[in-house]
Amino acid sequence: MAFRNPELLAPRALSVLRIVSAFLLIQHGSAKLLGFPHVAYFDNLQIVSLLGVAGVLELVGGALLLIGLFTRPTAFVLSGLLAFAYFLGHATKGYVLAPSLNQGEAAVLFSFVFLYIAAAGAGPWSVDARRAKAATTTPLPAAA
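Rules used throughout
- Residues numbered from 1 in each chain as written.
- Predicted model: local features only at pLDDT ≥ 70, side-chain atom pairs only at ≥ 80, totals over all residues.
- Heavy atoms only, no water.
- Patch = residues over 30% accessible without salt bridge, like charges linked within 9 Å, V, L, I, M, F, W, Y side chains within 5 Å.
- Areas by Shrake-Rupley, 256 points an atom, 1.4 Å probe, with all protein chains shown as cover.
- Salt bridge = Lys/Arg side-chain N within 4 Å of Asp/Glu carboxyl O.
- Helix = DSSP H or I, 4+ residues; strand = E, 2+ residues; numbered from the N terminus.
- Buried < 20%, exposed > 50% of the residue type's maximum accessible area, 1.4 Å probe, protein only.
- Phe/Tyr/Trp six-rings, centres within 6.5 Å; stacked < 30°, edge-to-face > 60°.

Our focus in this paragraph is a nonpolar patch on the surface. Judged by side-chain polarity, Val-16, Ile-19, Val-20, Phe-23, Leu-24, Leu-66, Ile-67 and Trp-125 come together as a nonpolar surface patch covering roughly 670 Å² of accessible area. For the nonpolar patch, the elements supplying multiple residues, two or more each, are helix H1 (6-33) and helix H2 (50-67). In terms of residues, the nonpolar patch owes the most to one element, H1, which gives 5 residues. Within the secondary structure, Ile-67 sits in helix H2. Exposure remark for Ile-67: the relative accessible area of 42% places this residue in the partly exposed category.

Turning to the packing of aromatic side chains, a few remarks are in order. Using the criterion set out here, one finds 3 aromatic pairs in the structure. Taken together, a centroid distance of 5.6 Å and an interplanar angle of 70° make the contact between Tyr-41 and Phe-42 edge-to-face. On the accessibility criterion, Phe-42 (16% relative accessible area) is buried. Pairing Tyr-86 with Phe-87 gives two aromatic rings, centres 5.2 Å apart and planes at 80°, and the pair type is edge-to-face.

Below, the structure is given as structure tokens:
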């Protein structure tokens, strides 16, 4: 199957990847901090704990990625967070090179998706893209 305009499709697909990934990550943060969706493991979670800090990063970073604001640094930080989550929370269960056996597939996948977004940028459907466009179209003030 060939697409007629892959040069138009790829940047939009990047935006969709960013938006969907951010939406899914926000659910992890909201489960930890807001109790929705409810996950019994996160009951009585202290915000000043590794899981609490992860929840803040997931919720705030996810929101920034969702709208595409400060995308590259946010995605880079989140990629590191998810790598950290994998090695601390999943790899310690054994099977370091087999995330399907230690329930770490999502952490690994999120980590690499966010690393890609950190390198590729937000895509055209983002606040970052609007800000860049506004910066290039705003005339410079005349020198006196």
